[in-house]
Amino acid sequence: MLPSNSFSLSTIGIIHSCYKEKFGIPKQPGLIDRATARLELLPPYNRLDTLEGLDDFSHIWIQFIFHACIKENWKAKIRPPRLGGKEKLGVFATRATHRPNPIGLSVVKIGRIYQEGKRIFIDLYGADLLDGTPVLDIKPYLPYADSITDARGGFAPKPTQTKPVQFSEQAKNQCEHYQSLHNREITSLIKQIIEQDPRPAYLSNQVDREHGIKLWDVNIKWCARSDHFEILRIEYE
Ligand code: SAH
């Protein structure tokens, strides 16, 4: 008998993250260590016993649904942003979000595992996940099996820093104020995000054009200058 070719999966958790929209989220986890997020287990999995033993691990694999692009169709060949949007590669040779099954995979550093009322949370560091991302599974990262030191990285070597980031006087004051109100390290988070140059390839040669990135409840306004990125101001949503 042929195995079934369609399966039904249930969401075991949900991500609460500083990233409120896709634009600005790093291309992979671990690039922006100041990004904070929490994974919340959903009923009937909201039990601490499902996580017993996990606190002996530093990292987990998270399998999740690219829920913000489910409605868009997949294509056999896509243009990875790392190739400047010029060359096409097979979808299965990339980490593109538009796939036949919209499942993502991220390895993420974990912090505290704790309960608040009936809610169970795991603190995450450096996640590349949109707020509200549905989680399908969690597995511990096993260094002896999962870390391959002589692996080849294809078209995607480790990203390098692009241009330095400078804050306007207004943005600097606003960030300090935000930081003191919310105890969130927004200045270093913004610096790390913008250093990665999140602009799509077709805009990467343009300067002085204003962009916005939504983090928590604020919109960060910034632009590229010829030799640096400038953070202009932050606006409340
Ligand atoms: N590490 C994952 C994700 C790589 S793609 C993997 O390899 O499968 C990274 C991009 O996923 C980010 O730039 C972000 O914009 C996008 N993303 C993150 N969470 C998402 C979600 N819930 N829905 C759609 N796109 C998402």
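Criteria and cut-off values
Residues numbered from 1 in each chain as written. Predicted model: local features only at pLDDT ≥ 70, side-chain atom pairs only at ≥ 80, totals over all residues. Heavy atoms only, no water. Helix = DSSP H or I, 4+ residues; strand = E, 2+ residues; numbered from the N terminus. Rg over C-alpha atoms; globule rule 2.2 N^0.38 Å. Buried < 20%, exposed > 50% of the residue type's maximum accessible area, 1.4 Å probe, protein only. Contact = heavy atoms within 4.5 Å. Lys, Arg positive; Asp, Glu negative; His and termini not counted. Charge placed at Lys NZ, Arg CZ, Asp CG, Glu CD. Pairing = 2+ DSSP bridges. Axes fitted to C-alpha atoms, helices over the stretch in contact; angles between N-to-C directions. Phe/Tyr/Trp six-rings, centres within 6.5 Å; stacked < 30°, edge-to-face > 60°. UniProt positions renumbered as here; feature names shortened; annotations may be inferred. Expected span 1.5 Å × (residues − 1). Arc of directions from axis to C-beta.

Going by what an unreviewed UniProt entry lists, the protein chain is known as tRNA (Adenine(37)-N6)-methyltransferase and is assigned to Marinomonas primoryensis.

Caption draft 1: Geometry of the overall build of the protein chain. Looking only at helices and strands, the protein chain has three helices and twelve strands in total. A compact globule built from 237 residues would reach a C-alpha radius of gyration of about 18 Å, and the protein chain, at 19 Å, matches this within 12%. Classification of the 237 residues of the protein chain by burial places 36% in the buried group. In the protein chain, once contacts between residues fewer than 6 apart in sequence are set aside, the share between residues at least 24 apart is 68%. Computing the positive centroid from 32 side-chain charges and the negative centroid from 28, the protein chain places the two 7 Å apart.

Caption draft 2: Summary view of the sheet that holds strand S3 (residues 59-65). Judged by pairing direction, the barrel is antiparallel, and its six strands sit side by side in the order S1-S2-S7-S6-S3-S8 before closing back on the first. The average angle at which neighbouring strand axes cross in this sheet is 45°, direction not considered. Relative to strand S8 (residues 134-140), S3 runs antiparallel, the two sharing five bridges. Looking at S8, one finds that Ile-62 is bridged to Ile-138.

Caption draft 3: Structural context of the environment of Lys-75. Following the sequence through the fold, Lys-75 ends up in the loop between S3 and strand S4 (77-78). The class for Lys-75 is exposed, based on a relative accessible area of 58%. Linking Lys-75 and Pro-100, residues 25 residues apart in sequence, is a C-alpha distance of 8.1 Å.

Caption draft 4: Up close: the packing of aromatic side chains. The full count for this structure, using the stated rule, is six aromatic pairs. Seen from their ring centres, Phe-64 and Phe-66 are 5.1 Å apart, and the 80° between their planes marks the pair as edge-to-face. Accessibility expressed as a relative area gives 16% for Phe-66, which makes it buried. Note on Tyr-178 and Tyr-236: the rings are 6.3 Å apart at their centroids and 45° apart in plane angle, and the pair reads as tilted. One end of the pair, Tyr-178, is in helix H2 (residues 169-182); the other, Tyr-236, is in strand S12 (residues 229-236), and 58 residues separate them in sequence. Classification of Tyr-178 by relative accessible area gives buried; the value is 0%. Relative accessible area serves as the criterion here: at 47%, Tyr-236 is assigned to the partly exposed category. Among the aromatic residues, those joined into a cluster by ring pairs are Tyr-178, Trp-216 and Tyr-236.

Caption draft 5: Looking closely at the UniProt feature "domain: TsaA-like" (unreviewed entry) in the protein chain. Residues annotated in UniProt with the feature "domain: TsaA-like" (unreviewed entry) correspond here to residues 9-150. In residues 9-150, the share of helix is 3% and the share of strand is 35%. The end C-alpha atoms are 34 Å apart.

Caption draft 6: Here's a closer look at H2. Between the first and last C-alpha of H2 there are 20 Å, a value that for 14 residues agrees with the 20 Å anticipated at 1.5 Å per step. Buried within H2 we find Ala-171, Cys-175 and Tyr-178. What you see down the axis of H2 is that its buried residues fit within an arc of 65°, all on one side. Looking at H2, the residues exposed on the side facing more than 90 degrees away from the buried face are Glu-169, Ser-180 and Leu-181. On its buried face, H2 sits against strand S9 (165-167), helix H3 (186-195), strand S11 (218-224) and S12. Asn-183 occupies a position one or two residues after H2 and carries a positive phi of about 55°.

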